[in-house]
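Coordinates in review
This is what each chain is made of:
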There are 2 protein chains.
Amino acid sequence: MKIAVDAMGGDYAPKVIIEGVEQARDEYSDLEFILFGKQDAIKEYLTNNTRIEIVHTDEKIQSDEDPVRAVKRKPNASMILAAQAVKDNKADALFSMGSTGALLAAGLFIIGRIKGIERPGLMPTFPAVKNVDEFVMLDVGANAENRPNQLYQFGLMGTVYSRDVLKIKNPRVALLNNGTEPNKGDDLHKAAYKILEDSDLNFVGNVEANTLLQGVADVVVTDGFTGNATLKAMEGTMRTVFSLLKHTILDGGVKTKLGGLMLKSDLGKMRDKFDTDKYGNATLIGLNAPIVKSHGAANAKAVFYAMTDIRAMLMNQTIKQVIDYFENHPVKD
Amino acid sequence: MKIAVDAMGGDYAPKVIIEGVEQARDEYSDLEFILFGKQDAIKEYLTNNTRIEIVHTDEKIQSDEDPVRAVKRKPNASMILAAQAVKDNKADALFSMGSTGALLAAGLFIIGRIKGIERPGLMPTFPAVKNVDEFVMLDVGANAENRPNQLYQFGLMGTVYSRDVLKIKNPRVALLNNGTEPNKGDDLHKAAYKILEDSDLNFVGNVEANTLLQGVADVVVTDGFTGNATLKAMEGTMRTVFSLLKHTILDGGVKTKLGGLMLKSDLGKMRDKFDTDKYGNATLIGLNAPIVKSHGAANAKAVFYAMTDIRAMLMNQTIKQVIDYFENHPVKD
């Protein structure tokens, strides 16, 4: 199992990428890597090149470039060469910390969409505090707009992923909506509800965004616009509350500081539940290979987790299952 | 200034409503109230009827009834009689803890939409941790779908409210979108951006849901579907984190419990920042009178805050300003 790695994406490239890749290489003896990027910069951080190949390139896609234009005009950018390696069967999966838009464009134009899938979805894993440990939600922003059938396809892809990577036997699929009753929502969500209800998926109905962290579903299906706002609202609220908590303790008097010290280890454990290294990654699903991205500001641990998820997808042939499903269930026009 | 109060809505009616109304009556000598509901039940809790009139009715709208049908078939329901009193100029504003859907229907069918306003918006006030203390966001669920011009109208109404009630001089209006760049979003949000940009409002561009609590805007404009998901995501995340924090302390060892005890007052102050009594209310704006609702499970303090906001709107003639604006700026067809 060989992973093509864009070594130049994100804020701390290539350092955190190399560190994360080496951690994954040391942990999983069945993984190999090709790193695309500046050879000198990579070698500065690489401690040991076992199962790690380097393909040199000077070019990279900047985070503020127009994604589609960048992908077309920079054939030698590290992300593009990595995508090309997957396309050419020199690697089985793609990892990048670069811009989501560029990665989506590279996925669509180079690696290609799974036949039958209308739109890929961006799918992070979230922690839950009840019922289950984790759930996935898609799409959280690969699309600005979706049609009803695309939401059903998200449910299907999320189901396969959830089974293979999160090890959930019969994943419960729910539709993110503005109420739990079946007739809720705008036209898009009403129509998506009907398709999901009539499908073979384990559809459990509508869920509202305030119950997501309670583990009400294993796969939460949403259009890219709403999913993006929901993800960001959860992220922002969590960051704000934890930051307030920290400042309450640091800016408090002696008693407060002492109390904070006594709680430190427990608060750390609580914070770990929402570990942003683990939950800052997202899979771009619907393309002909596993594509995983870490947040641009993520660290080596996040990269390690991304490699762990890619490995699970490769071992279970997650993408192949989706490809096979749509070969056997051609979409009616 | 007289407020028509549906005394029978919500989970703890009429108790918390009477308590909240009496607190507001005692605090504000310029407020009068008409309570609509079961006289016996009301009298059981009412300690003093100064500036409080009771209009008896046995009927009430249940929270699980179809809103439109309920409003049409129960002319003597407490909420409907209260709305009718506003319509008949016997009261200046409407308060209820009943279902949002029914209140919206009562507002539309009885009190009526402001001429020129296409759709009313549900607008809660949120706490911010930076830049400003509070901001408003609308619509968070009065509508399942909106058109671009409706988002502009939300911005206008939010501006007037923010000026009058939150005392912000030149409210910054922002569009909730899936990125900050001007060209972001689906067709709806791209079109709304253009209208807002060309308007007289103090439009500051797009904002993303992860920055809302940082006080990036005073009036956040959003379609009802996205706004609903964003509001609920923020609520659910906050509740989850605070609940985890509580359980971390309560379920911890002696050291943890002692630490929690030492932090108790500071954590309480932090929690107050997100006081759900204060921030569980929402104004239904776009109708011919102030209409404010408290969450069905809210307490007397929430009712008191709702009365405080209604009073500010009445003193500043907030609704009249919106009515006048649209009389002088007729909508082009």
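Anything mentioned here points back to the structure above.
What counts, and at which threshold
Residues numbered from 1 in each chain as written. Chains lettered and ligands numbered in written order. Predicted model: local features only at pLDDT ≥ 70, side-chain atom pairs only at ≥ 80, totals over all residues. Heavy atoms only, no water. Pairing = 2+ DSSP bridges. Helix = DSSP H or I, 4+ residues; strand = E, 2+ residues; numbered from the N terminus. Axes fitted to C-alpha atoms, helices over the stretch in contact; angles between N-to-C directions. Contact = heavy atoms within 4.5 Å. Buried < 20%, exposed > 50% of the residue type's maximum accessible area, 1.4 Å probe, protein only. Buried area = accessible area lost by both parts, 1.4 Å probe. Salt bridge = Lys/Arg side-chain N within 4 Å of Asp/Glu carboxyl O. Polar contact = N/O pair within 3.5 Å; in protein donor to acceptor, adjacent residues only side chain to side chain. Nonpolar A, V, L, I, M, F, W, Y, C, P; charged D, E, K, R; others polar. Least-squares fit on C-alpha atoms with pLDDT ≥ 70 in both. Left-handed = near helix turned anticlockwise from the far one by under 90°. 1 Å grid on protein atoms, 1.4 Å probe; cavity = no way out; pocket = protein on both sides within 12 Å on 5 of 7 lines; lining within 4 Å. Points joined across faces, edges and corners; volume = space filled by probe spheres on them. Right-handed = clockwise from strand over helix to strand, strands pointing away. Expected span 1.5 Å × (residues − 1). Bend = angle between axes of the 7 residues up to and from the residue. Phe/Tyr/Trp six-rings, centres within 6.5 Å; stacked < 30°, edge-to-face > 60°.

**What about the sheet that holds strand 3 (residues 52-56) of chain B?**
Residues and elements named next belong to chain B.
- Spatial ordering of the open sheet is given by 3-2-1-4-11-10-5-6-9-7-8, a layout of eleven strands whose pairing is mixed. A single partner strand is all that each edge strand has here, and the edge strands are strand 3 and strand 8 (203-207). Here the strands of the sheet are splayed against their neighbours by 25° on average, with no regard to which way each runs.
- As defined by bridge partners, strand 7 (residues 173-176) adjoins strand 9 (residues 219-221) across three bridges and the pair is classed as parallel. Within strand 9, the residue paired with Val-173 across the bridge is Val-219.
- Against the sheet, helix 1 (residues 15-27) engages strand 1 (2-6), strand 2 (32-37), strand 3 and strand 4 (93-96), with an angle of about 170° to strand 2.

**So, unusual backbone geometry**
- Looking along the chain, the bond that leaves Ala-13 of chain B and enters Pro-14 of chain B is cis, with omega of -5°.
- With an omega of 0°, the peptide bond running from Leu-138 of chain B to Asp-139 of chain B counts as cis.
- In this structure, Arg-51 of chain A takes a positive phi of about 55° despite not being glycine.
- Taking relative accessible area as the criterion, Arg-51 of chain A reaches 30% and is therefore assigned partly exposed.

**Overview of the sheet that holds strand 11 (residues 291-293) of chain A**
Residues and elements named next belong to chain A.
- Read across the open sheet, the eleven strands follow the order 3-2-1-4-11-10-5-6-9-7-8; overall the sheet is mixed. Looking along the sheet, the strands with just one partner apiece sit at the ends: strand 3 (52-56) and strand 8 (203-207). Within this sheet the neighbouring strands show an average axis-to-axis angle of 25°, counted without direction.
- Across five bridges, strand 2 (residues 32-37) lies against strand 3 in parallel orientation. Counterpart to Phe-33 in the pairing with strand 3 is Ile-52.
- In the packing of helix 6 (residues 148-164) onto the sheet, contacts are made with strand 5 (121-127), strand 6 (134-138), strand 7 (173-176), strand 9 (219-221) and strand 10 (282-285), and the angle to strand 9 comes to roughly 165°.

**Topic: the interface of chain B and chain A**
- Taken together, the contacts link 49 residues of chain B with 49 residues of chain A.
- In total, about 4200 Å² of surface goes out of reach between chain B and chain A, with carbon and sulfur atoms giving 71% of it.
- The interface formed by chain B and chain A includes two salt bridges.
- A salt bridge links Glu-208 of chain A to Lys-232 of chain B; the nearest nitrogen and oxygen atoms lie 2.3 Å apart.
- In this assembly, chain B and chain A are joined by twelve residue pairs in polar contact (both at pLDDT 80 or more).
- With 20 residues, helix 8 (residues 224-250) of chain B is the largest single contributor of residues to the side of chain B that touches chain A.
- In the side of chain B that touches chain A, the residues fall into 21 nonpolar, 17 polar and eleven charged.

**Concerning the relation of the copies chain B and chain A**
- Of the transformation placing chain B onto chain A, the axial shift is 0.0 Å and the rotation is 180°, giving an RMSD of 0.0 Å. Both copies are brought into coincidence by an operation consistent with a two-fold rotation axis. Among all C-alpha atoms of chain B, that of Gly-259 of chain B lies closest to the rotation axis, at 2.0 Å.
- Here 100% of the interface residues in chain B have copies in chain A that are interface residues too; the copies meet face to matching face.

**A few points about the packing of helix 4 (residues 78-87) of chain A against helix 5 (residues 100-111) of chain A**
Residues and elements named next belong to chain A.
- Running from amino to carboxyl end, helix 4 crosses helix 5 at an angle of 35°, the nearest separation of the two axes being 9 Å. Crossing hand, helix 4 versus helix 5: right-handed. For the pair helix 4 and helix 5, the contacting residues are Met-79, Ile-80, Ala-83, Gln-84, Val-86 and Lys-87 in the first and Ala-102, Leu-103, Ala-106, Ile-110 and Ile-111 in the second.
- Its residues assigned to classes, the contact of helix 4 with helix 5 shows nine nonpolar, one polar and one charged.

**Some points on empty space enclosed by the protein**
Residues and elements named next belong to chain B.
- Per the stated rule, a full pass over the model turns up three cavities of 30 Å³ or more.
- Taken as a whole, the largest cavity spans an internal volume of roughly 60 Å³.
- Along the walls of the largest cavity sit Met-123, Pro-124, Thr-125, Tyr-161, Lys-278, Tyr-279, Asn-281, Ala-282, Thr-283, Val-292 and Asp-309, which together make up its complete lining.
- If you list the elements that add at least two residues to the lining of the largest cavity, you get strand 5 (121-127), helix 10 (276-279) and strand 10 (282-285).
- Looking at which element gives the most residues to the lining of the largest cavity, the answer is strand 5, with three residues.
- In the lining of the largest cavity, the residues fall into six nonpolar, three polar and two charged.

**Some thoughts on the pairing of strand 2 of chain B**
Residues and elements named next belong to chain B.
- In terms of residue burial, strand 2 counts as a mostly covered element, since five of its six residues are buried.
- Both strand 1 and strand 2 contribute to a ladder of five bridges, which runs parallel. When the sheet's bridge partners are listed, Val-5 is paired in strand 2 with Leu-35.
- Of the crossover connections in this fold, the one passing from strand 1 over helix 1 to the parallel strand 2 is right-handed.
- Handedness of the crossover joining strand 2 and strand 3 through helix 2 (residues 39-45): right-handed.

**A word on helix 9 (residues 254-273) of chain B**
Residues and elements named next belong to chain B.
- End to end, helix 9 covers 28 Å across 20 residues, agreeing with the expected 28 Å (1.5 Å per residue, within 8%).
- Bending of helix 9 peaks at approximately 55° at the position of Lys-264.
- Those residues of helix 9 lying buried are Thr-256, Gly-259, Gly-260, Met-262, Leu-263, Asp-266, Leu-267 and Met-270.

**Notes on the packing of aromatic side chains**
- Taken as a whole and assessed by the stated rule, the structure comprises twelve aromatic pairs over all chains.
- Seen in terms of ring centroids, Tyr-28 of chain B and Phe-304 of chain B are 5.8 Å apart; in terms of plane orientation they differ by 5°. Their pairing is stacked. Linking Tyr-28 of chain B in the loop between helix 1 and strand 2 with Phe-304 of chain B in helix 11 (residues 300-315), this pair joins segments that are 276 residues apart in sequence.
- A relative accessible area of 11% places Tyr-28 of chain B in the buried class.
- Look at Phe-304 of chain B and you get buried, because its relative accessible area is 14%.
- Every member of this aromatic cluster is reached through a ring pair, and the members are Tyr-28, Phe-304 and Tyr-305 of chain A.

Read these as spatial facts, not as claims about activity.
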